[in-house]
Number of protein chains: 2
Amino acid sequence: MKPRNKREWPLKQVNRLIQTGPVVLVTTAHAGRSNIMPMSWHTMLDFDPPLVGCVISREHFTYELLERSRECVLNIPTAPLAREVVRCGSVSGRKKDKWAMCGWTPEPATVVSAPLIPSCYAHLECRVRDDSWASRYDFIVLEVVRAWVARGVELPETLHHVHGPEFLVPGRRLKVTMR
Amino acid sequence: MKPRNKREWPLKQVNRLIQTGPVVLVTTAHAGRSNIMPMSWHTMLDFDPPLVGCVISREHFTYELLERSRECVLNIPTAPLAREVVRCGSVSGRKKDKWAMCGWTPEPATVVSAPLIPSCYAHLECRVRDDSWASRYDFIVLEVVRAWVARGVELPETLHHVHGPEFLVPGRRLKVTMR
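Here the structure is a predicted model, which means the values were calculated and not measured.

> Is there a simple way to explain the overall build of chain A in this structure?
In terms of regular secondary structure, chain A is built from five helices and 10 strands. Relative to the 2.2 N^0.38 estimate, which gives 16 Å for 179 residues, the radius of gyration of chain A is 15 Å and therefore close to what a compact globule would have. Its C-alpha atoms give chain A principal-axis dimensions of about 55 × 35 × 35 Å. In chain A, buried positions account for 59% of the 179 residues. For chain A, contacts bridging at least 24 residues in sequence account for 64% of all contacts bridging at least 6. Summed over its atoms, the accessible surface of chain A is roughly 7600 Å², and 47% of this surface lies on carbon and sulfur atoms. In chain A, the 25 positive side-chain charges and the 18 negative ones have mean positions that sit 4 Å from each other.

> I keep staring at the pattern of salt bridges and nothing clicks. Help me out?
Any two side chains of opposite charge can pair, on the condition that their charged atoms come close. Residue and element names in this part refer to chain A. Inspection of the entire model under this criterion finds 28 salt bridges over all chains. Note that Lys-12 and Asp-48 form a salt bridge whose closest N and O atoms lie 3.9 Å from each other. Taken together, the residues span a long stretch of sequence, with Lys-12 in the loop between β1 (6-8) and α1 (14-18) and Asp-48 in the loop between β4 (42-46) and β5 (51-55) at a distance of 36 residues. With its nearest N and O atoms 3.8 Å apart, the salt bridge here joins Arg-68 to Glu-64. Of this pair, Arg-68 and Glu-64 are both found in helix α2 (residues 61-69), four residues apart, which corresponds to roughly one turn of the helix. Through salt bridges that share partners, Glu-64, Arg-68 and Arg-94 make up one connected network.

Conventions and cut-offs
- Residues numbered from 1 in each chain as written.
- Chains lettered and ligands numbered in written order.
- Predicted model: local features only at pLDDT ≥ 70, side-chain atom pairs only at ≥ 80, totals over all residues.
- Heavy atoms only, no water.
- Helix = DSSP H or I, 4+ residues; strand = E, 2+ residues; numbered from the N terminus.
- Rg over C-alpha atoms; globule rule 2.2 N^0.38 Å.
- Buried < 20%, exposed > 50% of the residue type's maximum accessible area, 1.4 Å probe, protein only.
- Contact = heavy atoms within 4.5 Å.
- Areas by Shrake-Rupley, 256 points an atom, 1.4 Å probe, with all protein chains shown as cover.
- Lys, Arg positive; Asp, Glu negative; His and termini not counted.
- Charge placed at Lys NZ, Arg CZ, Asp CG, Glu CD.
- Salt bridge = Lys/Arg side-chain N within 4 Å of Asp/Glu carboxyl O.

Below, the structure is given as structure tokens:
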């Protein structure tokens, strides 16, 4: 079943969602437990299949759930969710149910077992592709296997993390026209 | 000598310049040749020392100059330079002198041999730290050894690349205040 109010996004265009540098909320689930973690340290690594490299500390609960389930979702939040993003980054999922904390109901993804955060702008369903640099840089390579985006959003107010509770928010699109 | 009109930026805060996802202009130099290349596929990997992982295709002239010199500068441009950013991404430095093409005069950096682009908002002087994943993902780990930023810019209009000649530009800062 498709996520509500979302349309499928072509995998070969995943870069257009992620390479602008938005904070993402990583959702994971394993053996009846689930978590949400904000993450800003990520980069596209390849277009096709879309690979995203990301830094997830081995100390985090998200790392534990990711290593066990081998799956996650990168949910892209926008400005109305900024408060929840900051709160999710201020406490460990080992101690607190962040779904309850944020008042969010998880929605099933379509390919992976990790859930979606319905109020987010976009969702990238991912599988762990390569964790051989987890021990060196906490760096995990994910393959995006399916992607979803909200309908009819012209300028998504994605959150670009500066420091602490502070973000830059896009105000306009700039399109260069070459003469 | 310090770059003109710039102040030094603390190395432990390099993440605040780069993790929001701006396009950067990579400058390199070796044996009398120099180049400029826009790059959006990068991520912070560590705070201290500041490490930045970035994707630079082995086919690019910048890769050749970087591998030989082991040094580069990540220059952060803002909206007034958007046209030059797009032009720099549309041609190879093997064929064209991009400094002349953009009408820019290189300025010496302080620690590395690669030059600065003076009209950019910030500059990260970098050395190659680890290129063992160059063959797997074209992924190079840089260590930032010195950083500079323009004085008195409240909201830098950094360019966040979406696709082709199209960018998102920050319109505001959002600071969450927790009750």
